[in-house]
Structure formats: structure tokens, C-alpha cells
Amino acid sequence: MGFHITHFSENTGLSYDKKAQCFWGTMGKYPVFVEYLSRRGSLVFRLYGKLTGDENIAPQLEQWRISQQGVSGLTYRNRCLSCVIAIASRDADLNAINQVDSLVHLADMLGLVPCCMSCGADYGYNAYMLDDTGVCLCDSCRVRTLERVGQVAEEHAQVRVNPLGTVLGLVTGCAVLVALTFAVLRMGYVSYLTGYVGALIAFVLMKKFGRKLTLPIAVIGVIVTMAAAAFTPVLCFAKDFAEFNQEQYADALKYVNSYESIREELESLTDEMREALAEEGTVIDLPKMKAQYEECQVIISHRETGDCLRDFSTLLKMDTYSSAKGELIKCILWGVISILIGSALTLPKLLKESAGKHELRAPTM
């Protein structure tokens, strides 16, 4: 049985904010937030409360964590008790509900007092979503947070793009993309991850070295990384063609020499001699031999990757290499589609970070 949002919400009394994929509300007396990471099959638990003294509760937390299954990263920092809960493969809802109940009980045992996460005020606080992360703030801290959000946006708006750094980040990312894809293809596999990882590295480095990432720059990055993803299979197949030609070189050279010798002999034959050969049943298909001769000439002249790359489209039209066309198209599509999907998943967040845009809002029911 999988994890069911409605069942978990009903049995914990927590509301669910669909946009943030986060459960929120009060359990016991504590403000609790449980973020649902569906792709990772886990929950991120946060409970806000302050200690009344200066005691070190780390040993107690570690002892409690060891006694539990599926709980990791249990920490108490900045008035926040947090951990990651792995969603069990069996009885997922029941296990998750019990773990959250146990954590709330642990907070009560530790003597935590519900409070504003920022100033520690134990009254007048409310639940909010800051960039889809659950926070607990009093009115004064909410106002200060909103002011800071505006300041950050203004500071980011004044940052100017460094074109050289942007280009450096894009080139580095494309180099990683090409290297990863080429290595995987040479091992005989096709993976969508190579395009996604290469594009992600490119975007992150463009943002880091270029100081910020804008929508036009991001669009250019998507186009260039897709071009790199499409070029890499061509490069890989060109190398395969060159290696094939090297293996066939000796036979091709032998055929070329034989054909040239036979052609000279045939050109010297008279019409009477040709008729005599035909009467004997000797059939010489010159057009077919010439076609084979031309293919052997291509093999001889294309034994390096660069040669095959230069005449790649011409080679694909030949019977010797045309069987690779379907696989080549599949490899190109995998790379391009993975970049498009990866860009749709990662770019909005990176663009938002570059613009310094943060959102503080009340959670939805």
C-alpha cells in the first residue's frame, strides 16, 4: 500500500497545502509541518519549539533515533526539531502517522515550548509558507521577514550579468554533457541522465560564474545544451564508423586493386572476346562491381573520426552505414527530451533564485 495524503491528513489533524506539498497545523500544542517528497518516498518533519534551559539534548535525540526505524537526520537547531521519515513499503500511512505522533511526544518529553521560530515568542505566532517551506512566525517577525524579502529582490535586481562567466559556465557544462554521454554510448548504453546532468551543471555554473541567470540566457543555455546532446551521438557513431573502416581497410584495398586490374583488362577486350565470354556463361556485372568499388574507396578514405564526421550525412545514405540511422535518432531524441524535461524542472527555481524572489504566504487548507 502506498502513502495516501487524505488518510494521513485526517488521522493527524494536519491540513495539506497542495502547492508546497506540505502538511501543516498543530499537533498536541506544537506547530508542525510535514513536507511530502513523493519522488524520494519520504517526509520531512519540522516542529518549532524552544528549550527553557541550556541543556544539551543531542544525546537524547541520538538515543531516540537509534530506537526508531526509518528516521534519519534528527536534529534540533534554531528552535526547530527536524528529521526525515522514510515512507515504509508496507502500511505506509500507519507507519508515517505513528512516527509523527512519536516525534511530537518526543518534543513534549524534551520540554520544548511552542514558539516563533525567529524571536522565540511563545504567543501570537502563526503558520506560514516561506518558499514552500513551513515556518512559524509572530506578527513582528512576519513584517520583518516581508521587508527582508523586498530588500533581497532589490539587491538581486542590481546585480549585472558577467557575460564571460556565463559563457565559461555554459562551455564547461556542455563539455561535461558531451563527455558523460560519449562515455555511456561507448559502453553500449543510452541514458537520459547524461543530458539532464550535463544541462543542470551548465545552468548552475552559468548562474555561479555569470552572477545571475536570466530567462534569455536560460533559453540560450537550453538551445546550446540540446545542440551538444544531439552532436554527441553523431560524434560517437562517427568514431564507430572510423573503427569499422579500419577493420575493413585491408579487404577494401584488396578489392579496389582487383577491380582496377579487372577494369583495365575488360577495357582492352574486343567485342568478339566479350561475345565469347558471354557464350561461355561468364557474366560480369560492371555496375555492381563499380558500386562495390566506390564503397571500398569510401572505407579507405574514411578511417579517421574527423573524416567520418565531415561526411557523416553522406555516409548515412550508404547501405553499409544506414542501419545505424534508427539508433542514432533514438540517442539524439533521448538527449534532447531529457534536457527539455530537466530544464522545465530546474530552471524555474534557478531563475527565481537569481531574481531574489521569495514568497511568504499563509498556507492553504
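A few points on the structure. Just so we're clear, the structure is a prediction, and the values are computed from it rather than from any experiment.

1. Overview of the overall build of the protein
Part 1 of the reasoning: Secondary structure assignment for the protein yields 13 helices and 9 strands.
Part 2 of the reasoning: A globule of 365 residues ought to have a C-alpha radius of gyration of about 21 Å, yet the protein, at 33 Å, is considerably larger.
Part 3 of the reasoning: For the protein, the spread of C-alpha atoms along the three principal axes comes to 115 × 50 × 35 Å.
Part 4 of the reasoning: The buried share among the 365 residues of the protein stands at 39%.

2. Here's the deal with the side chain of Thr12
Part 1 of the reasoning: Note that Thr12 resides in helix α1 (residues 5-12).
Part 2 of the reasoning: Residue classification places Thr12 among the buried residues on the basis of a relative accessible area of 9%.
Part 3 of the reasoning: Sequence-distant contacts of Thr12, defined by excluding residues within four places in its chain, comprise Met27 and Ile97.

3. Describing the nonpolar core
Part 1 of the reasoning: Counting 32 residues, the largest nonpolar core has Phe8, Val32, Val34, Phe45 and Leu47 as its most contacted members.
Part 2 of the reasoning: Elements represented by at least two residues in this core include exactly β2 (22-27), β3 (30-37), β4 (42-48), α2 (58-66), β5 (71-77), β6 (80-86) and α3 (92-109).
Part 3 of the reasoning: At 8 residues, the largest contribution of residues to this core is made by α3.
Part 4 of the reasoning: Residue contacts for Val32: discarding those within four places in its chain leaves Leu14, Phe23, Trp24, Gly25, Met27, Phe45, Arg46, Leu47 and Val104.
Part 5 of the reasoning: Membership of the second largest hydrophobic core comes to 25 residues, among which are Leu185, Cys236, Tyr259 and Tyr321.

4. Section: the packing of α1 against α3
Part 1 of the reasoning: In the contact formed by α1 and α3, the axes pass within 10 Å of each other and the chain directions differ by 35°. The handedness of the crossing between α1 and α3 is right-handed. Residues His7, Phe8, Asn11 and Thr12 of α1 form the contact with α3, whose own contacting residues are Asp93, Ala96, Ile97 and Val100.

5. Comments concerning the sheet that holds β2
Part 1 of the reasoning: Strand order in the open sheet formed by 6 strands is β1-β2-β3-β4-β6-β5, with antiparallel pairing between adjacent strands. Because the sheet does not close on itself, it has two edges, and the strands there are β1 (15-17) and β5. Taking the axes of each pair of neighbouring strands and ignoring which way they run, one obtains an average angle of 20° across the sheet.
Part 2 of the reasoning: Where α2 meets the sheet, its contacts fall on β5 and β6, and the angle it forms with β5 comes to roughly 165°.

6. Here's the deal with the pattern of salt bridges
Part 1 of the reasoning: For the structure shown, the criterion picks out 15 salt bridges.
Part 2 of the reasoning: Ionic pairing is found between Arg186 and Asp240, a salt bridge with its closest N-O pair at 2.5 Å. Remark: Asp240 occurs in helix α7 (residues 215-268) and Arg186 occurs in helix α5 (residues 163-186); sequence separation between them is 54 residues.
Part 3 of the reasoning: The exposure class of Asp240 is partly exposed, given its relative accessible area of 31%.
Part 4 of the reasoning: By sharing partners, the salt bridges in this structure join Asp17, Lys19, Asp132, Glu359 and Arg361 into a single network.

7. Brief notes about the packing of aromatic side chains
Part 1 of the reasoning: Enumeration according to the criterion identifies 9 aromatic pairs in this entry.
Part 2 of the reasoning: For the pair Phe3 and Tyr36, a centre-to-centre distance of 4.9 Å together with 45° between the ring planes defines the contact as tilted. Taken together, the residues Phe3 in the segment before α1 and Tyr36 in strand β3 connect sequence positions 33 residues apart.
Part 3 of the reasoning: The interplanar angle of 50° and the centroid separation of 4.9 Å between the aromatic rings of Phe241 and Tyr321 together place this pair among those described as tilted.

8. Brief notes about unusual backbone geometry
Part 1 of the reasoning: Positive phi values are uncommon outside glycine, yet Gln21 reaches one of about 50°.
Part 2 of the reasoning: Phi at Asp131 takes a positive value of approximately 55°, unusual for a residue other than glycine.
Part 3 of the reasoning: As for its position among the elements, Asp131 is in the loop between β7 (125-130) and β8 (133-138).

9. Observations regarding the pairing of β8
Part 1 of the reasoning: Of all the 6 residues making up β8, 5 are buried; the element is thus mostly covered by neighbouring parts of the structure.
Part 2 of the reasoning: Relative to β8, β7 is paired through 6 bridges, and the arrangement is antiparallel. Bridging from a neighbouring strand, Asn126 pairs with Leu137 of β8.

10. Details of the side chain of Ser354
Part 1 of the reasoning: If you trace the backbone, Ser354 turns up in helix α13 (residues 325-354).
Part 2 of the reasoning: According to the relative accessible area criterion, Ser354 is buried, its value standing at 4%.
Part 3 of the reasoning: One polar contact links the side chain of Ser354 to the main-chain amide nitrogen of Leu213, over a distance of 2.9 Å.

11. Focus on the pairing of β3
Part 1 of the reasoning: Most of β3 sits inside the fold, with 8 of its 8 residues counted as buried.
Part 2 of the reasoning: Alternating residues of β3 divide into Tyr30, Val32, Val34 and Tyr36 and Pro31, Phe33, Glu35 and Leu37, and every residue in both groups is buried.
Part 3 of the reasoning: Direction of pairing for β2 relative to β3: antiparallel, over a ladder of 6 bridges. Within the sheet, the bridge partner assigned to Thr26 lies in β3 and is Pro31.
Part 4 of the reasoning: Linking β2 to β3, which pair antiparallel, is a turn of 2 residues; within it Gly28 sits at a positive phi near 70°.
Part 5 of the reasoning: Of the strand pairs in this sheet, β3 and β4 are connected by 6 bridges, and their pairing is antiparallel. Residue Glu35 lies in a different strand from β4, and its bridge partner there is Val44.
Part 6 of the reasoning: Count of turn residues in the β3/β4 antiparallel hairpin: 4 residues, of which Gly41 carries a positive phi of about 65°.

Cut-offs used in this document
Residues numbered from 1 in each chain as written. Predicted model: local features only at pLDDT ≥ 70, side-chain atom pairs only at ≥ 80, totals over all residues. Heavy atoms only, no water. Helix = DSSP H or I, 4+ residues; strand = E, 2+ residues; numbered from the N terminus. Rg over C-alpha atoms; globule rule 2.2 N^0.38 Å. Buried < 20%, exposed > 50% of the residue type's maximum accessible area, 1.4 Å probe, protein only. Contact = heavy atoms within 4.5 Å. Core = buried A, V, L, I, M, F, W, Y, C linked by side-chain atoms within 4.5 Å. Axes fitted to C-alpha atoms, helices over the stretch in contact; angles between N-to-C directions. Left-handed = near helix turned anticlockwise from the far one by under 90°. Pairing = 2+ DSSP bridges. Salt bridge = Lys/Arg side-chain N within 4 Å of Asp/Glu carboxyl O. Phe/Tyr/Trp six-rings, centres within 6.5 Å; stacked < 30°, edge-to-face > 60°. Polar contact = N/O pair within 3.5 Å; in protein donor to acceptor, adjacent residues only side chain to side chain.

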